[in-house]
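# Overview (structure and organization)
Chain by chain, the residues:
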Amino acid sequence: MLYSSKRKDLLTFNMAAVQLWITYAILLCTPTVQSLKWLSLASIPSSLSESQMEGIEDLCSRLTGLERRQKKVCRQHISMMSGVMNGANMSIIECQNQFKDRRWNCSMVDEHTIFGDIVNKGTREAAYIHAITAAGVSFAVTKGCSRGELSGCGCDVSKVGEMNGFTWAGCSDNALYGTAFSKKFTDARERVKNTNGRSLMNLHNNQAGREVVLKNMKTECKCHGVSGSCEVKTCWRSLPSFKQVGQILKQSFDGATEVKSKKKSQVGRMQLIPSSRKLKPFEVDDLVYLKDSPDFCEKNSTLGSLGTHGRECNKTSKNIDGCDLMCCGRGYRTIIEHVTDRCNCKFYWCCFVKCEECIKRVVRNICL
Ligand SMILES: *[C@@H]1O[C@H](CO)[C@@H](O)[C@H](O)[C@H]1NC(C)=O
Ligand SMILES: *[C@@H]1O[C@H](CO)[C@@H](O)[C@H](O)[C@H]1NC(C)=O
Ligand SMILES: *[C@@H]1O[C@H](CO)[C@@H](O)[C@H](O)[C@H]1NC(C)=O
Ligand SMILES: *[C@@H]1O[C@H](CO)[C@@H](O)[C@H](O)[C@H]1NC(C)=O
């Protein structure tokens, strides 16, 4: 995303501006009611360079997905906004990947409603979306800093030199920087009214997502020396893969704690506590929710449920991807498809591969 010359910059500017204008025009015309409106930034082409963004007059006010406080953060840190866009984009993709076998599969209803009301209802799905998108911004900003794509930040320079028997060199990901920025940006909306349970829940889950990124940082090393010997070893700290972050949060989704808000004695401020005495206390990186989820069986666009009519299901599975649960007891139909595939591939010396064409019979089960 670094631009090679000013001239190229000027040339590409107009096209990008036009694309961006189209995006605004769409966003501007349709008021939305949900708290994660900033996720609409996921669809802005992230190839916009910083100077292109700076070149668009009053960009931050025009991004209608942003709350007032987020606009302020945007103006102060315009160089980080492509990290926010990337973060939104990659977290939605990862969420869809993690939930592809569930009734609620993290599909956006459309580009205006995004995930619908479900993210305002204090459900587990809301918890997951808040956590993964906050993690996504931490992740994308940190990576952008490491790659030199975002100005004003870089690698973690505290991890250079000799320490704990390692030689630290190369670029350690500066996750603390990315995390601090994510906190500033994604928590911006909530701080205003942190007296209600839902805001506390969102703030907790945002933080849980960021904690998962921080807690799963790993040390990577490389050996230098004659023919693979490890005379000199240099190491650096690196983020986990984003897929791993998505997976860990998915486990937290399944084990999320139901909570309720309660007034702290004396001070009068609210806090979240487990909804029943039988539940163990939750940790900073656990997901919490206030309300049970709807069943997502039928379509309700306002709510953000697409329903499961027409979804593919697994006839032999007893889990949520099985036809009984996925189709909500409505039943399913079986279709048989014949697809052409390459098969019996042989490698010939040297160097080509020859395959035969086979017709494969594929059985698919589709919810009624
Ligand atoms: C993510 O970005 C890609 C490439 O710009 C785009 O095609 C895709 O629609 C974006 N995804 C979302 C969820 O906005
Ligand atoms: C959709 O869900 C909302 C919120 O739960 C509910 O009030 C509304 O009646 C539902 N609409 C339909 C068409 O079922
Ligand atoms: C998610 O569910 C919707 C509606 O049931 C469906 O249209 C969509 O293809 C599904 N997406 C994936 C990735 O399975
Ligand atoms: C369907 O479920 C069974 C049992 O859980 C599993 O072994 C199989 O791999 C699944 N099939 C597909 C296509 O996912």
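The coordinates are above.
This is a predicted model, so every value here is computed, not measured.

Attention shifts here to the overall build of the protein. Summing up its helical and strand segments, the protein has 10 helices and 12 strands in all. Partitioning the contacts of the protein with sequence separation of at least 6, the portion at a separation of at least 24 is 66%. Accessible surface computed for the protein: about 19600 Å², of which carbon and sulfur atoms make up 53%.

Examined bridge by bridge, strand β10 (residues 312-313) and strand β12 (residues 352-367) share 2 bridges and lie antiparallel to one another. Bridging from a neighbouring strand, C313 pairs with N365 of β12. Across 15 bridges, the pairing between strand β11 (residues 332-348) and β12 is antiparallel. Bridging from a neighbouring strand, I335 pairs with R364 of β12. Between β11 and β12, which follow one another and run antiparallel, lie 3 residues.

Here we come to the site of ligand 4. Taken together, N314, T316 and S317 form the complete shell of residues around ligand 4. At 2.3 Å from an oxygen atom of ligand 4 is found a side-chain nitrogen or oxygen belonging to N314. Expressed as a share of its isolated accessible area of 360 Å², the protein-covered part of ligand 4 is 28%.

For the rest of this paragraph, the subject is the nonpolar core. Ranked by internal contacts, the top residues of the largest apolar core, which has 64 residues, are W38, L39, M81, W104, F115 and L287. With 5 residues, the next largest nonpolar core counts C313, C323, M326 and C327 among its residues.

Moving on to helix α6 (residues 124-146). Compared with an ideal rise of 1.5 Å per residue, which puts 23 residues at 33 Å, α6 spans 33 Å between its outermost C-alpha atoms and is within 8% of the ideal. Extensive coverage of α6 is indicated by the burial of 21 of its 23 residues. Where α6 ends, the next residue or the one after it, G148, has phi of about 75°, a positive value.

Close to ligand 3 lie N105, S107, L306, G307 and R311. Interatomic distance of 2.3 Å between a side-chain N/O atom of N105 and an oxygen atom of ligand 3. With respect to ligand 3, the side chain of R311 contributes an N or O atom lying 3.5 Å from an oxygen atom. Protein chains bury 53% of the 360 Å² of accessible surface belonging to ligand 3 in isolation.

One pass over the structure, following the stated rule, counts 11 disulfides. The disulfide that involves C313 links it to C323, with 2.1 Å between the sulfurs. Looking down the S-S bond of the C313 and C323 bridge, the torsion is 90°, so its handedness is right-handed. Of this pair, C313 sits in strand β10 while C323 sits in helix α10 (residues 323-326), placing them 10 residues apart in sequence. Among the residues examined, C313 registers a relative accessible area of 7% and is labelled buried. Across the disulfide, C345 is cross-linked to C355 (sulfur-sulfur distance 2.1 Å).

Moving on, we come to the layout of surface pockets. Taken as a whole, the largest pocket spans an internal volume of roughly 220 Å³. Taken together, 15 residues line the largest pocket, and the ones lying closest to its centre are R102, E125, F253, S293 and F296. Every element with two or more residues in the lining of the largest pocket is listed here: α6 and α9 (242-254). Grouping the constituent residues of the lining of the largest pocket by class yields 7 nonpolar, 1 polar and 7 charged.

A sheet is described by the order of its strands in space; here 3 strands give the open sequence β10-β12-β11, paired in antiparallel fashion. The open sheet has two edge strands, β10 and β11, and neither has a second partner.

Pairing is possible between side chains that carry opposite charge, provided their charged atoms lie close to one another. For the structure shown, the criterion picks out 12 salt bridges. R330 is the partner of E298 in a salt bridge, and the nearest nitrogen-oxygen pair spans 3.4 Å. In this pair, E298 sits in the loop between β7 (288-289) and β8 (299-300) while R330 sits in the loop between α10 and β11, placing the two residues 32 residues apart along the sequence. For the salt bridge of K360 with D341, the shortest nitrogen-to-oxygen distance reads 3.4 Å.

Quick notes on the rules
- Residues numbered from 1 in each chain as written.
- Chains lettered and ligands numbered in written order.
- Predicted model: local features only at pLDDT ≥ 70, side-chain atom pairs only at ≥ 80, totals over all residues.
- Heavy atoms only, no water.
- Helix = DSSP H or I, 4+ residues; strand = E, 2+ residues; numbered from the N terminus.
- Contact = heavy atoms within 4.5 Å.
- Areas by Shrake-Rupley, 256 points an atom, 1.4 Å probe, with all protein chains shown as cover.
- Pairing = 2+ DSSP bridges.
- Near = heavy atom within 4 Å.
- Polar contact = N/O pair within 3.5 Å; in protein donor to acceptor, adjacent residues only side chain to side chain.
- Core = buried A, V, L, I, M, F, W, Y, C linked by side-chain atoms within 4.5 Å.
- Buried < 20%, exposed > 50% of the residue type's maximum accessible area, 1.4 Å probe, protein only.
- Expected span 1.5 Å × (residues − 1).
- Disulfide = S-S within 2.5 Å.
- 1 Å grid on protein atoms, 1.4 Å probe; cavity = no way out; pocket = protein on both sides within 12 Å on 5 of 7 lines; lining within 4 Å.
- Points joined across faces, edges and corners; volume = space filled by probe spheres on them.
- Nonpolar A, V, L, I, M, F, W, Y, C, P; charged D, E, K, R; others polar.
- Salt bridge = Lys/Arg side-chain N within 4 Å of Asp/Glu carboxyl O.

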